[in-house]
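Chains, contacts and geometry: an overview
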Amino acid sequence: MDENINVKYHDISRQQYLELLAVARGEAIADYIIDNVTVLDVINGEEIPGPIVIKGRHIAGIGPAWSDAQARHRVDAAGAVAAPGFIDAHLHIESSMMTPVTFETATLPHGLTTLICDPHEIVNVMGEEGLAWFIRCAEQARQNQYIQISSCVPALSGSDVNGAEFPLAAMLKWRDHPHVTGLAEVMDYPGVIAGNPDLLDKLDAFRHLTLDGHCPGLSGKELGAYIAAGIENCHEAWTLQEGREKLRAGMALMIREGSAARNLDTLAPLITAMNSPQCMLCTDDRNPWEIAHEGHIDALVRKLINRHNVPVHVAWRLASWSPARHFGLKHLGLLAPGKQADIVLLRDVRNVDIQQVFIKGEPLSLPALQADERNRLQRSQPPYGNTVSRRPVSAADFPFALTPGRRYRVMNIIPGELITPASEYVHTPQGLMDNDICFIAVLERYGRQLPAACGLLRGFGLRHGAVAATVSHDSHNIVVTGRSPEEMALAVNQVINDGGGLCVARGGEVVSHLPLPVAGLMSDQPADTLARQIGDLKAACRECGITLDEPFIQMAFLSLPVIPELKLTSKGLFDSRGFCFTSLEIER
């Protein structure tokens, strides 16, 4: 038997099996016994008495039959309830602006023991080098960090300029790695539906794993064709009707509650005990400020239980067993003999009040994890280096020349959603401010020095100054919104000088900025430091009149051409319904 067999399906050697079985039979000493505990049974919807007996990374037994077991360490849970560790079914760690190492430190205390990430943000910037770094981080992590191989780099071919290619040949190098669970979100759904051979080649190569979808608003025959191609899930449903149709069509529904896209309240009424094995929770994009102040998957479970009256066992199933089954992680998602001992001890189940976390059979020591964070980051060999190859700009690089009486296309922000409906605006000399419209521009940052692509944005709330960032999904060019070309240039030049980052400028000066030295996407600072810096940026945005909870994350999606309806890439204004470029001015 190969003891190096893929950890996704069988992560225990023969010798470890023999030791585990000896403890399970009561013939050997366990490593840990958790006493005075009740166990949440997410299969039967019950609570069963402990103890929990652990050998190595695995559970040897649960229940009164093991009450006389011997162990090297006994843990008095003081009446706590034990539940499976949380699993985030889909996220982009880069969008947290934390490295995978820091993300682990920030989220393990919230009970996030497993995540399924798509690193297509850094792959769009750096290609295979970025993916290799994520794999190195996963290999050394205590958290179970699994990776879906990025399928669409860029998101939609020909729609934008990005920093790297990532063809099928490069993808196949990583397909069989133990930390790879499948193919990441296939965003070019028109190409899949049309039978594009390059996309079908990718689907064929990964069919034995999990095929992630991405199809906002898709329905009817087109949805059926997309699913018929083999796509298994989607996290982009944003209406009750859309979520129901996707479930009926056999698609697994990922209910997302991120920092910008918040779909949980809309989709929660769909959840039943019957369909819960086909429903999962994910965050997609969530920043460290919200993780520190609200939580992570624990926050979503808390809302389901207390705001939407979802039964505790059903809510927990969505956050553990359901995603483990969906991604073939047979050793995760349950508290049962032979499963990995990823355990959350809870003082209060309904309020998800976490007392202690066990990860891979060991109690989490947050101080030790924090103390070793810098060393772990260095061991991962992060890809430092300036990825912003853009010359400084001036106000003249933003040629907004609107003519009174002419009609223009406008992107409209809906708070808590990623879709941006299109509308029209007839220009008057004082019209922009009165209509809550500001300028927006996207500048390619990979050395081509293309002219800025310019547009108009409604609903951002900006009354003064400018906001710029190199976090701009998925190609991650420079996006900037502003009231004047002068302040837009000031903000853009700051993020260029920082080698990537976020910036707020107002009154002719930079009032707050955050350098992101790893691919222009991530900070190398600890989570608490980063959360404070983001808090400063949020305060600076409010002083500019912006009322959105997460302005930078909301702004980051204004360049993603696969989400309806009107977007702005470095190549121009893009109609995401017709999948074609369009003009800012509407022809008479």
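The rules we used
Here the residue numbering is sequential within each chain, running from 1 through the sequence in written order. For a predicted model such as this one, the threshold for reporting local features is a pLDDT of at least 70, and the threshold for listing and counting side-chain atom pairs is 80 or more; totals across whole chains, interfaces and linings nevertheless cover every residue. Water and hydrogen atoms were dropped before computing side-chain values, which therefore reflect all heavy atoms in the structure. Runs of H or I in DSSP of at least four residues are treated as helices and runs of E of at least two as strands, each being numbered from the N terminus. In this analysis, two residues are considered to be in contact whenever any of their non-hydrogen atoms come within 4.5 Å of each other. Between 30 and 60 degrees the pair is tilted, below 30 it is stacked and above 60 it is edge-to-face, where a pair is any two Phe, Tyr or Trp rings, Trp via its six-membered ring, whose centres lie within 6.5 Å. Exposed residues in this analysis have more than 50% of their type's maximum accessible area, buried residues have under 20%, and partly exposed residues fall in between, with area computed by a 1.4 Å probe over protein chains only. By definition, being over a ring means that NZ of Lys or CZ of Arg is both within 6 Å of the ring centre and within 35 degrees of the ring normal. Reported domain spans reflect what an automatic or database domain assignment gives. Once two parts are brought into contact, the accessible area they lose, counted with a 1.4 Å probe and summed over both, makes up the buried area. Should a side-chain nitrogen of Lys or Arg be within 4 Å of a carboxyl oxygen of Asp or Glu, the pair is scored as a salt bridge. Two strands form a pair only when DSSP identifies at least two bridges running between them. Axes here mean lines fitted to C-alpha atoms, for a helix over just the part in contact, with angles spanning 0 to 180 degrees between N-to-C directions.

**Remarks on the environment of Ile-52**
Among the structural elements, Ile-52 can be located in strand E3 (residues 52-55). Taking C-alpha positions, Ile-52 is 6.8 Å from Gly-63, a pair spaced eleven residues apart along the chain. What Ile-52 contacts, discounting residues up to four positions off in sequence, is Tyr-32, Ile-33, Ile-34, Val-37, Val-39, Ile-59, Gly-61, Ile-62, Ala-82 and Ile-343.

**Description of the packing of aromatic side chains**
Per the stated rule, a full pass over the model turns up eight aromatic pairs. Measuring from centroid to centroid gives 5.1 Å for Phe-574 and Phe-581, while their planes differ by 85°, and the two rings are edge-to-face. On the accessibility criterion, Phe-574 (3% relative accessible area) is buried. By relative accessible area, Phe-581 is classed as partly exposed at 36%. Members of the aromatic cluster, connected to one another through ring pairs, are Tyr-189, Tyr-226, Phe-574, Phe-579 and Phe-581. One Lys or Arg, Lys-538, reaches over the ring of Trp-289 and ends 4.4 Å from the middle of that ring.

**Considerations on the domain arrangement of the protein**
According to the domain assignment, the protein consists of domain 1 (85-329) and domain 2 (395-581). Spacing between the C-alpha centres of domain 1 and domain 2 amounts to 25 Å. On the side of domain 2, 46 residues touch domain 1, which itself brings 44 residues to the contact. Across the interface of domain 1 and domain 2, roughly 3,700 Å² is buried in total on both sides, 68% from carbon and sulfur atoms. Linking domain 1 to domain 2 there are zero salt bridges. Those elements giving two or more residues to the side of domain 1 that touches domain 2 turn out to be helix H2 (100-107), helix H3 (120-126), helix H4 (128-140), helix H6 (189-193) and helix H11 (288-293). Here the element with the most residues in the side of domain 1 that touches domain 2 is H3; it accounts for six residues.

**A word on the pattern of salt bridges**
Within this structure, the stated rule accounts for 26 salt bridges. Put simply, Glu-236 and Arg-256 hold a salt bridge, and the shortest N to O gap is 2.9 Å. With a gap of 20 residues between them, Glu-236 in the loop between strand E11 (233-234) and helix H9 (240-248) and Arg-256 in strand E12 (residues 252-256) connect regions that are remote in the sequence. Given the relative accessible area of 3%, Glu-236 is considered buried. The residue Arg-262 makes a salt bridge to Glu-290 at a minimum N-O spacing of 2.3 Å. Taken together, the positions of Arg-262 in the loop between E12 and helix H10 (264-267) and Glu-290 in helix H11 put the pair 28 residues apart, joining distant regions of the chain. A single salt-bridge network, built from bridges that share partners, covers Glu-257, Arg-262, Arg-286, Glu-290, Glu-294 and Lys-303.

**Describing the sheet that holds strand E19 (residues 437-443)**
Here eight strands make up an open sheet; going across it, the order is E18-E17-E20-E19-E22-E21-E23-E24 and the pairing mixed. Each edge of the open sheet carries a strand with a single partner, namely strand E18 (422-426) and strand E24 (509-515). Sheet twist, expressed as the average angle between the axes of neighbouring strands with direction ignored, equals 25°. Sheet analysis places strand E21 (residues 466-469) next to strand E22 (residues 478-482), joined by four bridges and oriented antiparallel. The partner of Ala-466 across the bridge, within E22, is Gly-482. Those strands touched by helix H18 (residues 485-497) are E19, E21, E22, strand E23 (501-506) and E24, and its axis lies near 150° from that of E23. Contacting E21, E23 and E24, helix H19 (residues 527-543) runs over the sheet at an angle of about 150° to E24.

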